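Topology and contacts: notes
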Amino acid sequence: MHPRLSTSIRCALGGLAVLLLSAGSCVDTDIGAPCQLQKDRFDESLPGCRGVSPDDIAQHPECFHPTAGELNQGKAKDYISFGAAECDNLTCVRSRGEPDLASETEPSGYCSGECINDQDCASENGKFSCRALVFDDEFLHYLADTLSPEEYNRYLGRLENSKFCTRAQ
């Protein structure tokens, strides 16, 4: 092989590697963007929700959210809901200690996503850290081993670990 060609190939490969690495470091994320927590069933007791059925979620999304009162009473709890259409990862979270909601129309949470470490939670929407919100990894693996794939998907969807991005405290 010609020595000059070898150097050219090495330089080209090095440049390609730098390009690929730099492209992966600028990932757009919606972590921290406002979202509405979802309930797994509608609440007929909310104003305007009497007679609403689960099929009416598109016309009456307000009937499928926890109330400001419920969230304000549970300030010591973390809330997580899956299926939040406004979030890329379909995950909406409200961390314990969040300020009270002033009204029912105020967003009740913020977009989140599964994570392994704090670097996975980098966001332009504030400071976030990675911590366990659902079960622990050991119990999650136990469920994956004991439930059928259909049952696991029905109850936990694509959940692969217990950690999610939460507002840093």
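Described below are features of the structure shown in this document.

Rules used throughout
- Residues numbered from 1 in each chain as written.
- Predicted model: local features only at pLDDT ≥ 70, side-chain atom pairs only at ≥ 80, totals over all residues.
- Heavy atoms only, no water.
- Salt bridge = Lys/Arg side-chain N within 4 Å of Asp/Glu carboxyl O.
- Helix = DSSP H or I, 4+ residues; strand = E, 2+ residues; numbered from the N terminus.
- Buried < 20%, exposed > 50% of the residue type's maximum accessible area, 1.4 Å probe, protein only.
- Disulfide = S-S within 2.5 Å.
- Phe/Tyr/Trp six-rings, centres within 6.5 Å; stacked < 30°, edge-to-face > 60°.
- Lys NZ or Arg CZ within 6 Å of the ring centre and 35° of its normal.
- Core = buried A, V, L, I, M, F, W, Y, C linked by side-chain atoms within 4.5 Å.
- Contact = heavy atoms within 4.5 Å.
- Pairing = 2+ DSSP bridges.

This brings us to the pattern of salt bridges. Two side chains carrying opposite charge are able to pair once their charged atoms lie near each other. Evaluation of the coordinates by the stated rule reveals 4 salt bridges. Here Asp78 and Arg131 are joined by a salt bridge, their closest N and O atoms 2.9 Å apart. With Asp78 in the loop between α2 (68–73) and β2 (79–82) and Arg131 in strand β5 (residues 128–132), this pair connects stretches of sequence that are 53 residues apart. Between Glu98 and Arg167 there is a salt bridge whose closest N-O contact spans 3.0 Å. Of this pair, Glu98 sits in the loop between β3 (91–94) and β4 (109–111) while Arg167 sits in strand β6 (residues 163–167), placing them 69 residues apart in sequence.

Here we take up the environment of Gly74. By the element assignment, Gly74 lies in the loop between α2 and β2. Note on Gly74: relative accessible area 7%, which makes it buried. Between the C-alpha atom of Gly74 and that of Gly97, which follows or precedes it by 23 residues, the distance is 8.9 Å.

Moving on, we come to the state of the cysteines. Using the criterion set out here, one finds 4 disulfides in the structure. Linked covalently through their sulfurs, Cys121 and Cys165 form a disulfide whose S-S length is 2.2 Å. With the S-S dihedral at roughly -85°, the linkage between Cys121 and Cys165 falls on the left-handed side. Of this pair, Cys121 sits in the loop between β4 and β5 while Cys165 is found in strand β6, placing the two residues 44 residues apart along the sequence.

Given two aromatic rings, their pairing is described by the distance between the two centres and the angle made by the two planes. Under the defined criterion, the tally for this structure stands at 3 aromatic pairs. Measuring from ring centre to ring centre gives 5.3 Å for Tyr110 and Phe128, while their planes differ by 55°; the resulting arrangement is tilted. Of this pair, Tyr110 sits in strand β4 while Phe128 is found in strand β5, placing the two residues 18 residues apart along the sequence. The exposure classification of Tyr110 matches that of Phe128, with both residues buried. If you follow Arg167 out to its NZ or CZ, it ends over the ring of Tyr110, 4.5 Å from the centre.

In terms of nonpolar packing, the biggest core is built from 16 residues, with Cys121, Tyr152, Leu156 and Leu159 touching the most fellow members. Within the residue set of this core, elements represented by two or more residues are β5, α3 (137–146), α4 (149–156) and β6. Setting aside residues no more than four positions away along its own chain, Leu159 makes contact with Phe82, Glu114, Val134, Leu140, Tyr152 and Phe164. Ala33, Leu37, Ala68 and Leu101 belong to the second largest nonpolar core, which has 10 residues in total.

The subject of this paragraph is the sheet that holds strand β1 (residues 34–35). The strands making up a sheet associate through backbone hydrogen bonding, with each pair oriented either parallel or antiparallel. What the 4 strands build is an open sheet, ordered β1-β4-β3-β2; its pairing is antiparallel. Of all strands in the sheet, those bounded by a partner on one side alone are β1 and β2.

Let's shift gears to the environment of Gly113. Its location among the elements puts Gly113 in the loop between β4 and β5. The class of Gly113 is buried, set by a relative accessible area of 2%. Each C-alpha atom of the pair Gly113 and Asn89 lies 5.7 Å from the other, and the pair is 24 residues apart in sequence. Other than its neighbours up to four places away in sequence, Gly113 contacts Asn89, Lys163, Phe164 and Cys165.

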